[in-house]
Amino acid sequence: MAGIKDSSRGGFSNKIGFVLAAAGSAVGLGNIWKFPFEVSDGGGGAFVVMYLAFCFMLCFPVMMAEVAIGRKTNKNAVGAFTENGHRAWSALGKLGVLTGILILSFYNVVAGWALGFAIEMFAGNFELGQNFGAFIGNWQLNLVFSSIFMVVTIYIVAKGVSGGIEKASKILMPSLLILILSLMAYSLTQEGAVDGVVYYLVPDFNAITFETAYGAMGQAFFSLSLGMGALITYGSYVGKKDNIVTSTTMILLTDVGIAFIAGLMMFAFVFSQGLQGQGGGAGLIFTVLPGAFESIGPVLGRVIGGFFFVLLSFAALTSTVSLLEVPVAYVVDEYEVRRERTVWIVGVGIFLLGIPSMLGNGTVPFFTEFVQYSSSENPVSFMDFIEDMASDTFLPLGGFLISVYTAWVWRGDNFKKEVEIGNPGFGDSLIGKYTIFALKYLAPFILGSITVITVLSKFF
Ligand code: PFF
């Protein structure tokens, strides 16, 4: 099979396998669950513009850097830095492993909600939107759904790279896209949808603050699975002949495209149901969509609603698989232990770490009101705190360090050489020149300053 570099580690069977798996990692709850509520918290169109700017101008170069580091070294997120002769930088890989563990701990909880909603929609329980608080407060039920989700994730990761990940993404990603496109078309026919579109697409630049820029930056990294070495790990399975620029472009366009369509659909539904301005937070899609499915009709609405949440769960699954793969690849490569056993131990550990997130939805006050930021009025829950730390702070911080590492430590020239193996002329092209410039100056400056300023304002 072309593309396999080291048969003992496995590899993607061809280029499209890598693109699909990386796009499967990127497309998930981040696009459909997180993006709309972040847009809503961030004030609408201005957030969307910032998000798009971050994706195309900063994340794109950082994505190429991650894939190139992975392919060059053929290693996991930590070993890649050691292999390249920069042992001290393996701390950056360890930050990535920690971030992956933290993200998966709450991601798995939300994936459990999606699974629960699939069943409830098939059963025609359209009132669930109004009872979302009670639904997530039922932690025993959440425990059941989330443990099912984690077991399936563990099972797929245990089977190795090309077997599990590739097959799943090939069938399910296109189905999800078709369903969201159809729902978007339907949402736009609803009365009042135009106001939602205006809110979503017409930016109010007065709404831009450091806090919203920080949110948009974190969202861009989260959505692209960037800044924690997931793409270093996946990049390590990419063949030398593959073209990193075109692969990365495809992943970026797929991910941003799906988030964009999902956002359009959501805000058309939010405004047509008169639910704007209610600050839905993490519950936004779960409170709004059941009503939208109900409006489709009692039978068809059940079927479409059920399938929607089934496909959302599968999209989440291709992401949880990649999240688990990061710590597992690290432990298996570096400590030379058996893959199967490691997957179970790491997976179950992360599942347990997610339990406080389940209990922090009203069940246990300590986890529900976990931290008080100096910049906000109300305390935030354990889950929100982990999400803030991991996705909004550690991912951009990882992106910042990966840019500095690639441009200044590994060096721009070596990065260029690695990309040029499958893409001759990269260094002289406009994209090549921009990428190096962005990694050297733009990304370190922008990512570094937004992170520092916002973290200081949150805690001091
Ligand atoms: N990109 C995923 C999503 O948008 O749902 C989340 C994610 C997966 C983040 C894998 C980070 C990662 F390594």
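On a predicted model such as this, the values are computed, not experimentally measured, just so you know.

A. The overall build of the protein chain, seen in detail. Helix and strand counts for the protein chain stand at 19 helices and zero strands. Here the C-alpha atoms of the protein chain give a radius of gyration of 21 Å, agreeing with the 23 Å that 2.2 N^0.38 yields for 460 residues. Considered along the principal axes of its C-alpha atoms, the protein chain spans approximately 55 × 50 × 40 Å. When burial is assessed residue by residue, the protein chain has 55% of its 460 residues classed as buried.

B. Spotlight on the site of the ligand. Residues in contact with the ligand amount to 16 residues; listed here are only the nearest, Gly28, Gly30, Ser225, Ala230 and Ser319. In terms of residue class, the shell around the ligand is made up of seven nonpolar, nine polar and no charged.

C. Summary view of helix H12 (residues 244–272). Taking 1.5 Å of rise per residue, 29 residues should cover 42 Å, and H12 covers 42 Å from first to last C-alpha, within 8% of that figure. When you tally the buried positions in H12, you get 22 out of 29 residues, the bulk of the element. A positive phi of about 65 degrees marks glycine 274, the residue just after H12.

D. Unusual backbone geometry, seen in detail. Although it is not a glycine, serine 225 adopts a positive phi angle of roughly 55 degrees. Along the chain, the position of serine 225 falls in the loop between helix H10 (210–223) and helix H11 (230–235). For glutamate 336, which is not glycine, the phi torsion reads 50 degrees and is therefore positive.

E. Representation of the environment of valine 303 in the model. Among the secondary structure elements, valine 303 is positioned in helix H14 (residues 300–335). In this structure valine 303 comes out as partly exposed when scored by C-beta crowding, with 15 C-beta atoms within 10 Å. Residues valine 303 and isoleucine 251, 52 residues apart in the sequence, show an inter-C-alpha distance of 30 Å.

F. Highlighting the nonpolar core. By size, the foremost hydrophobic cluster in this structure holds 156 residues, and its most contacted members are Cys59, Met63 and Ala114. Not counting chain neighbours up to four residues away, the residues in contact with alanine 114 comprise Phe309, Leu312, Ser313 and Ala316.

G. Inspection of the environment of alanine 390 at higher detail. Along the chain, alanine 390 turns up in helix H18 (residues 382–420). Linking alanine 390 and methionine 228, residues 162 residues apart in sequence, is a C-alpha distance of 9.6 Å.

H. Region of interest: helix H2 (residues 29–41). In a regular helix each residue adds 1.5 Å, so 13 residues correspond to 18 Å; H2 covers 17 Å between its end C-alpha atoms and thus fits that length. Along H2, the largest kink reaches about 40 degrees and is centred on phenylalanine 35; proline proline 36 follows within four residues of it. For H2, the tally of buried residues reaches 12 of 13 residues, placing the bulk of the element in the interior. For H2, every residue scored as buried is listed here: Leu29, Gly30, Asn31, Ile32, Trp33, Lys34, Phe35, Pro36, Phe37, Glu38, Val39 and Ser40.

I. The arrangement of the packing of helix H13 (residues 284–296) against H14 in detail. Look at H13 against H14: their axes get within 7 Å of each other, and the N-to-C directions meet at 140 degrees. Compared by their axis directions, H13 and H14 come out oblique. Considering the relative orientation of H13 and H14, their crossing is right-handed. Within the contact between the two elements, H13 uses Pro290, Phe293, Glu294 and Ile296 and H14 uses Leu300, Gly301, Ile304 and Gly305. For the contact of H13 with H14, the per-class residue count stands at five nonpolar, two polar and one charged.

J. Quick peek at the confidence of the model for the protein chain. Summary statistics for the protein chain give a mean pLDDT of 91 and a share of 94% for residues scoring 70 or more. Both confidence scores are given for the complex: pTM 0.94, ipTM 0.99.

K. Seen up close, the environment of histidine 86. With respect to the helices, strands and loops of the structure, histidine 86 is situated in the loop between helix H4 (79–83) and helix H5 (90–122). The spacing of histidine 86 and tryptophan 408 is 322 residues in sequence and 12 Å in space, taken between C-alpha atoms. Residues contacting histidine 86, with those up to four places away along its chain left out, are Phe81 and Val409.

Quick notes on the rules
Residues numbered from 1 in each chain as written. Predicted model: local features only at pLDDT ≥ 70, side-chain atom pairs only at ≥ 80, totals over all residues. Helix = DSSP H or I, 4+ residues; strand = E, 2+ residues; numbered from the N terminus. Rg over C-alpha atoms; globule rule 2.2 N^0.38 Å. Buried ≥ 20, exposed ≤ 12 C-beta atoms within 10 Å, placed from the backbone. Near = placed C-beta within 6 Å. Nonpolar A, V, L, I, M, F, W, Y, C, P; charged D, E, K, R; others polar. Expected span 1.5 Å × (residues − 1). Core = buried A, V, L, I, M, F, W, Y, C linked by C-beta atoms within 7 Å. Contact = placed C-beta atoms within 7 Å. Bend = angle between axes of the 7 residues up to and from the residue. Axes fitted to C-alpha atoms, helices over the stretch in contact; angles between N-to-C directions. Parallel < 35°, antiparallel > 145°, perpendicular 65-115°, else oblique. Left-handed = near helix turned anticlockwise from the far one by under 90°. pLDDT = per-residue confidence, 0-100.

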